[in-house]
Protein chains: 2
Amino acid sequence: MNANKGKTISDKGLRRLPKILSYLQELQQYGENTVTCTPIAENIGCDPTQARKDLAACGAVGRPRTGYDITELIALIETFLGWNNMSEAFLAGAGNLGSALLGFRNFREQQGLDIVCAFDNDPAKIGTEIYGREILPISKLSNLARRMHVLIGIIAVPAESAQGAADAMVAGGIRAIWNFSPKTLEVPENTFVEHADLSVSLGALTAKLNLALKKEEVEHGR
Amino acid sequence: MNANKGKTISDKGLRRLPKILSYLQELQQYGENTVTCTPIAENIGCDPTQARKDLAACGAVGRPRTGYDITELIALIETFLGWNNMSEAFLAGAGNLGSALLGFRNFREQQGLDIVCAFDNDPAKIGTEIYGREILPISKLSNLARRMHVLIGIIAVPAESAQGAADAMVAGGIRAIWNFSPKTLEVPENTFVEHADLSVSLGALTAKLNLALKKEEVEHGR
């Protein structure tokens, strides 16, 4: 239980761990037993020293020459990320995106995230089931979160309803919010928010392509 | 047509634009006509000077006191992001995540992204339709991308197949790849990759929650 004891990890390091984990799982599928920092760093595109630090934060210690035991390393990273125990999550918003998230089995199978209830304001949706999960009125979210000790909330409502959903989550004791709306949320200091709005990464991609194509047009004198 | 003429924008700025756009659309819904940098910056959580620079990069010029015309500003940002014209995209991987992406109408309605074809290796999927899009063998991706002049590719295959899908996209002339796999892709210099692996942001969130809960356990002497 001395994982992360006295070790710190940067936000960038945190974001490297799921990539490292995926690479280790790939190696395991190919029958590999041990791995050193160098191929890990190469695969995820970072410095070997950084990779070593990230793994040390998870409590992993490599042996000279042989490196890390892959099975052990996978278990340490999963523990560090909190993915080896099933965590229950509430979902606010059962529209197009929310439904897609409910149907995405990987969360449960790979990240141990079980979306146990979904909430919506739409009377036509309330009481129906999506992928086996009943849709409840959003007014019930706070009480139910507190009763069920749910700590993770997912926001998939439109921007104008996002702060209200976040407030209901916080009131229910939810401490980690995965925000798929474009709204910047205000939450208490002890609550974590991770912004996963897809329009942000799509925007960065299409804008870069757009700028490059315009530049090429100018260069080619068209 | 002098949007972005001589103006540069940081990667962080690029990522603020979709959030600003969403806020402007909200204001428009409430019947507002003009807006200054201060409420924009407040809403998305940045400095007013940064917001002004981001908007200047899109070619927007605010008037003293009144600020920006909202309708005009929305059009300028959408043009800058390349969202006002429908862009065609190819999708590699018609599994659980790929299907969810095919069904997510917002891409078409809000970001002007039309996923016109989906590709997969699974013979059971090839020839079937998901949300009205036929699933084609991945071997046809390159030729079809070149023939249809598709420039955007979306990768929703497992990590071990991601590089192969990226290679096929690059061979077909695709210049912008939206990568939902955990794999770090190698692509030529003139190709843009945006990593949108959901496990990365989920991992950052659950790890932070996990670390905080452990710290609190220690502090409360439990």
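Residues numbered from 1 in each chain as written. Chains lettered and ligands numbered in written order. Predicted model: local features only at pLDDT ≥ 70, side-chain atom pairs only at ≥ 80, totals over all residues. Heavy atoms only, no water.

### Considering helix α4 (residues 70-81) of chain B
Consideration 1: Compared with the 16 Å implied by 1.5 Å per residue over twelve residues, the 16 Å span of α4(B) between its first and last C-alpha is a close match.
Consideration 2: The set of residues buried in α4(B) consists of Ile70(B), Leu73(B), Ile74(B), Ile77(B), Glu78(B), Phe80(B) and Leu81(B). The buried residues of α4(B) occupy an angular sector of 160 degrees when projected down its axis, which confines them to one face.
Consideration 3: Against the buried residues of α4(B) lie α9 (198-219) of chain A together with α1 (11-29), β1 (34-35), α2 (37-44), α3 (48-57) and β2 (68-69) of chain B.
Consideration 4: One side-chain oxygen of the residue at the start of α4(B) lies 3.3 Å from the amide nitrogen of Thr71(B), identifying that residue as Asp69(B).
Consideration 5: Phi turns positive one or two residues past the end of α4(B), at Gly82(B), with a value near 75 degrees. (Helix = DSSP H or I, 4+ residues; strand = E, 2+ residues; numbered from the N terminus. Expected span 1.5 Å × (residues − 1). Buried < 20%, exposed > 50% of the residue type's maximum accessible area, 1.4 Å probe, protein only. Arc of directions from axis to C-beta. Contact = heavy atoms within 4.5 Å. Polar contact = N/O pair within 3.5 Å; in protein donor to acceptor, adjacent residues only side chain to side chain.)

### Points about the sheet that holds strand β9 (residues 192-195) of chain A
Residues and elements named next belong to chain A.
Consideration 1: Taken in spatial order, the seven strands of this open sheet run β5-β6-β4-β3-β7-β8-β9, and their pairing is mixed. Looking at which strands have only one partner, the edges of the open sheet turn out to be β5 (129-130) and β9.
Consideration 2: Bridge count between strand β4 (residues 113-120) and strand β6 (residues 133-137): three bridges; the pairing is parallel. Bridge pairing in β6 links phenylalanine 119 to leucine 136.
Consideration 3: Across the face of the sheet, helix α7 (residues 141-148) comes into contact with β3 (87-92), β4 and β6 while running at roughly 180 degrees to β3. (Pairing = 2+ DSSP bridges. Axes fitted to C-alpha atoms, helices over the stretch in contact; angles between N-to-C directions.)

### Observations concerning the confidence of the model for chain A
All names here are of chain A.
Consideration 1: Summing up the model confidence of chain A, the mean pLDDT is 90 and the portion of residues at 70 or higher is 96%.
Consideration 2: Below a pLDDT of 50 lies the segment residues 1-6, which in the model reaches nine contacts outside its immediate sequence neighbourhood of four places, other chains included.
Consideration 3: For this predicted complex, the interface confidence comes out at an ipTM of 0.84, alongside a pTM of 0.81. (pLDDT = per-residue confidence, 0-100.)

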